[in-house]
Amino acid sequence: MNYTDFDEPITDDEDFLELMQLFLDDEEEPLVSKNIRKRPDYFNILSEKEFVERFRLTKEGALEVLEKISDHIARKTERNHAVTPITMLLVTLRFYATGSMLIVVGDFCGIDKSTASRIVAQVSMAIARLYKQYIKMPDTDDEKNYSKSRFYAISRFPSCIGAIDCTHVKILSPGGDNAEIYRNRKQFFSFNVQAVCDADLRFINIVARWQGSAHDSTIFNNSRLRARLEQNEFDGCVIVGDSGYAVKPYLLTPLSNPHTREENLYNESQIRTRNVIERCFGIWKRRFPVLAFGMRVRLDRIQPIIVATAVLHNIARMRNIPDPEYNPDVEEAVHYLENVNNNNYAVGDEARIGPNNRARHALINNYFRNLLLQ
């Protein structure tokens, strides 16, 4: 008997039962049961060294971060096998530490790709909110004097509290009508991130909202940091930058054509002092390769990731967590990004006696000349 036998209306119970048996005997796709993946307890099964290698923080450092963000990321209930806050944090740290696709990170921690994507976005935003606690300019006299002394110990450059520069964080093409503004001078897509660091290679200011095509001086001129410096909030202090910035009384750049011994000494001291920001960028990207390999996330989720990794970098520096071991793939990616902001011309080459140059030349003539006489 087959379905065509029922062209005529069903008239008796025997025909009806036979039809029902046909339907029951048909092979149907079984219902797919919900697959609850095993989520490894990396916090307890890994040694301290293994944990740092995989997540770039010590267990104590991870707990410090978790304590500050748990209220913002915890689920209201534990229904449906909700991901715990510690697992959410480790998923995010693993994403930062590898720069791999979210599906790989999800498999590592026993969650789905879409879940991993939401977790990384949520945790990144929660960590980024901590920037006021961990990324701040020296405000008190004691903080300023400490920063000055730390910079002075590098190369005897006076009154310096920070070194400024920009670096590129690689992203995939964002698409849309405005995609090309993210293309930098090396023809790949990026954010141009401005940062200031102290002598201990910790970020004290960061601006992560500008596209890769923006010039360093444009970012600085539109930053709140410049307004604070213009208003003499850091009176008696200076920051140092490269020739991509215009020389200011509070921002000292190198001379492009030094002539005298004291000018050469100034340049040498300024360059060695400024070098800390380049080292800071290198350590930051080696610790969190997601910044160098190219982020495969939505455009609006990239800025919180940049700030969050800067916060975590400062925590790692404060806790003296060792820098990551050498990885040739990471080194190649970092080295490639380091050459994007190659300022071939000097924005700060104004007249040598111009108003903005007076502070620089007073320092050269009164301070570095006396150093030569000692």
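Higher on the page you've got the structure.
Figured I'd write up the structure that's included with this text. None of these values were measured; they are calculated from a predicted model.

1. Considering the overall build of the chain
A tally of regular secondary structure across the chain gives 16 helices and five strands. By the burial criterion, 48% of the 374 residues in the chain qualify as buried. Restricting the contact set of the chain to residue pairs at least 6 apart, pairs at least 24 apart contribute 70%. Carbon and sulfur atoms form 48% of the exposed surface of the chain, whose accessible area is close to 19800 Å².

2. Looking at the pairing of strand S1 (residues 160-170)
Of all eleven residues that make up S1, ten are buried, and the element is covered over most of its length. Relative to strand S4 (residues 238-240), S1 runs parallel, the two sharing three bridges. When the bridges of S4 are listed, Cys160 appears paired with Val238. As judged from the eight bridges shared by S1 and strand S2 (residues 190-197), these two strands associate in the antiparallel manner. Bridge pairing links Thr167 to Val193 in S2.

3. Structural notes on the nonpolar core
Residues Trp284 and Ile306 are the most contacted members of the largest nonpolar core, which totals 83 residues. For this core, the leading source of residues is helix H14 (residues 302-318), giving ten residues. Among residues more than four places away in sequence, those in contact with Ile306 are Val169, Phe191, Val193, Ile206, Ala208, Trp284, Leu291 and Met295. By size, the runner-up hydrophobic cluster in this structure holds 19 residues, among which are Ala214, Ile219, Leu229 and Cys237.

Calculation rules
- Residues numbered from 1 in each chain as written.
- Predicted model: local features only at pLDDT ≥ 70, side-chain atom pairs only at ≥ 80, totals over all residues.
- Heavy atoms only, no water.
- Helix = DSSP H or I, 4+ residues; strand = E, 2+ residues; numbered from the N terminus.
- Buried < 20%, exposed > 50% of the residue type's maximum accessible area, 1.4 Å probe, protein only.
- Contact = heavy atoms within 4.5 Å.
- Areas by Shrake-Rupley, 256 points an atom, 1.4 Å probe, with all protein chains shown as cover.
- Pairing = 2+ DSSP bridges.
- Core = buried A, V, L, I, M, F, W, Y, C linked by side-chain atoms within 4.5 Å.

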